[in-house]
Amino acid sequence: MLKTPDNEKLIVMSNHIQVIYQIVFSTKYRRKCMLKQTRPQVFAYMGGILKNRKCKPFIINGIEDHVHILTHIHPTVALSTLVKEIKMGSHSFIEKNRLFPDFKNWQNGYGAFTYSSNALPNLMRYIENQELHHRGVQFEEEYVSLLEEQHVEYDAQYLFD
């Protein structure tokens with residue numbers, strides 16, 4: 001219990017926040033360079049970055065040309081800073097360990113979409129099954145459908161680099 005200088009009791013409230021994001025970004029020019037056998041190492045490294053920032057990664061997965069990250073973001077963490085840390089840290093990790101020989105960089109931008117906690121089971125299944133999903137859908141088509149589902153305005157000429 002806290003008290004003011006004049007001995008009045010203060011009510012202390014804690015914060016209760018649940019912000020769940022699906023973060024999506026691709027390799028530069030959607031280059032299909034992320035090797036299946038070394039992807040888990042990169043995804044685990046990304047998960048470590050999230051945990052170090054007090055975030056809770058639910059699942060991280062992707063295919064040759066892009067990544068999906070489903071995570072709770074701690075309220076003290078800025079989304080743009082977090083994505084920058086994930087991209088920069090994983091880029092260094094990939095190069096240092098020579099995990100994807102043809103990897104040059106991540107795309108400049110990213111998508112981040114919020115969800116309620118009751119969407120978690122479906123989102124986790126969707127992200128877990130990326131290989132199956134992408135047998136019939138290219139990344140560009142998937143990304144545009146995410147933008148449209150979430151009612152995010154965009155200019156098509158600036159979507160991909």
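Everything here concerns the structure above.
Residues numbered from 1 in each chain as written. Predicted model: local features only at pLDDT ≥ 70, side-chain atom pairs only at ≥ 80, totals over all residues. Heavy atoms only, no water.

Novice: Lay out the pattern of salt bridges with the relevant residues and their values.
Specialist: Applying the stated criterion to the full structure yields six salt bridges. Of the charged contacts in the structure, one is a salt bridge between Glu140 and Arg30, with a shortest N-O distance of 2.7 Å. In this pair, Glu140 is assigned in helix 5 (residues 139-149) and Arg30 in the loop between strand 3 (20-26) and helix 1 (39-52), connecting sequence segments 110 residues apart. Residues joined in a network through salt bridges with shared partners are Lys36, Arg39 and Glu131. (Salt bridge = Lys/Arg side-chain N within 4 Å of Asp/Glu carboxyl O. Helix = DSSP H or I, 4+ residues; strand = E, 2+ residues; numbered from the N terminus.)

Novice: Account for the packing of aromatic side chains, naming residues and giving values.
Specialist: Throughout the structure, instances matching the rule amount to eight aromatic pairs. Between Phe100 and Phe103, the aromatic rings sit 6.4 Å apart at their centres with planes inclined by 55°, giving tilted as the arrangement. Considered together, Phe100 and Phe103 belong to a single accessibility category, that of buried residues. Consider the rings of Phe139 and Tyr143, whose centres lie 5.6 Å apart with planes at 35°: the pair is tilted. Of this pair, Phe139 and Tyr143 both sit in helix 5, four residues apart, roughly one helical turn. The pair Phe139 / Tyr143 is uniform in exposure class, with both members buried. Members of the aromatic cluster, connected to one another through ring pairs, are Phe25, Phe100, Phe103 and Trp106. The lysine or arginine in question, Lys28, covers the ring of Tyr29, its NZ or CZ lying 5.4 Å from the ring centre. (Phe/Tyr/Trp six-rings, centres within 6.5 Å; stacked < 30°, edge-to-face > 60°. Buried < 20%, exposed > 50% of the residue type's maximum accessible area, 1.4 Å probe, protein only. Lys NZ or Arg CZ within 6 Å of the ring centre and 35° of its normal.)

Novice: Got a sec to walk through the pairing of strand 4 (residues 56-63)? Specific residues and values, please.
Specialist: Counting buried residues in strand 4 gives six out of eight residues, a clear majority hidden from the surface. Pairing between strand 4 and strand 5 (residues 66-72): seven bridges, direction antiparallel. Along strand 5, the bridge assignment pairs Gly62 with Val67. What sits between the antiparallel neighbours strand 4 and strand 5 is a turn of two residues. (Pairing = 2+ DSSP bridges.)

Novice: Outline the sheet that holds strand 4, listing residues and values.
Specialist: Across the sheet, four strands lie side by side as 4-5-3-6; this open sheet has antiparallel pairing. Each having just a single partner strand, strand 4 and strand 6 (111-115) make up the two edges of the open sheet. In this sheet, neighbouring strand axes are inclined to one another by 15° on average, regardless of whether the strands run parallel or antiparallel. Lying on the sheet, helix 2 (residues 79-97) is in contact with strand 3, strand 5 and strand 6; it crosses strand 3 at an angle near 45°. Where helix 5 meets the sheet, its contacts fall on strand 3, strand 5 and strand 6, and the angle it forms with strand 3 comes to roughly 150°. (Axes fitted to C-alpha atoms, helices over the stretch in contact; angles between N-to-C directions. Contact = heavy atoms within 4.5 Å.)

Novice: So, helix 3 (residues 120-128): which residues are in play, and what are the values?
Specialist: It helps to recall that an α-helix has 3.6 residues per turn; residues three or four apart then point in one direction. Of the positions making up helix 3, those classed as buried are Leu120, Leu123 and Ile127. The arc enclosing the buried residues of helix 3, seen along the axis, measures out at 65°, which places them on a common side. Exposed residues lying more than 90 degrees from the buried face of helix 3 are Asn122 and Glu128. Check the buried side of helix 3 and you find it contacts strand 3, strand 4, strand 5, strand 6 and helix 4 (130-133). (Arc of directions from axis to C-beta.)

Novice: Quick rundown of the environment of Glu142? Include the residues and the values.
Specialist: With respect to the element layout, Glu142 can be found in helix 5. Judged by relative accessible area, Glu142 falls into the buried class, the value being 1%. When the C-alpha positions of Glu142 and Gln18 are compared, they lie 26 Å apart, and in sequence the two are 124 residues distant. A distance of 2.3 Å separates polar atoms of two side chains, one belonging to Glu142 and the other to Tyr126. (Polar contact = N/O pair within 3.5 Å; in protein donor to acceptor, adjacent residues only side chain to side chain.)

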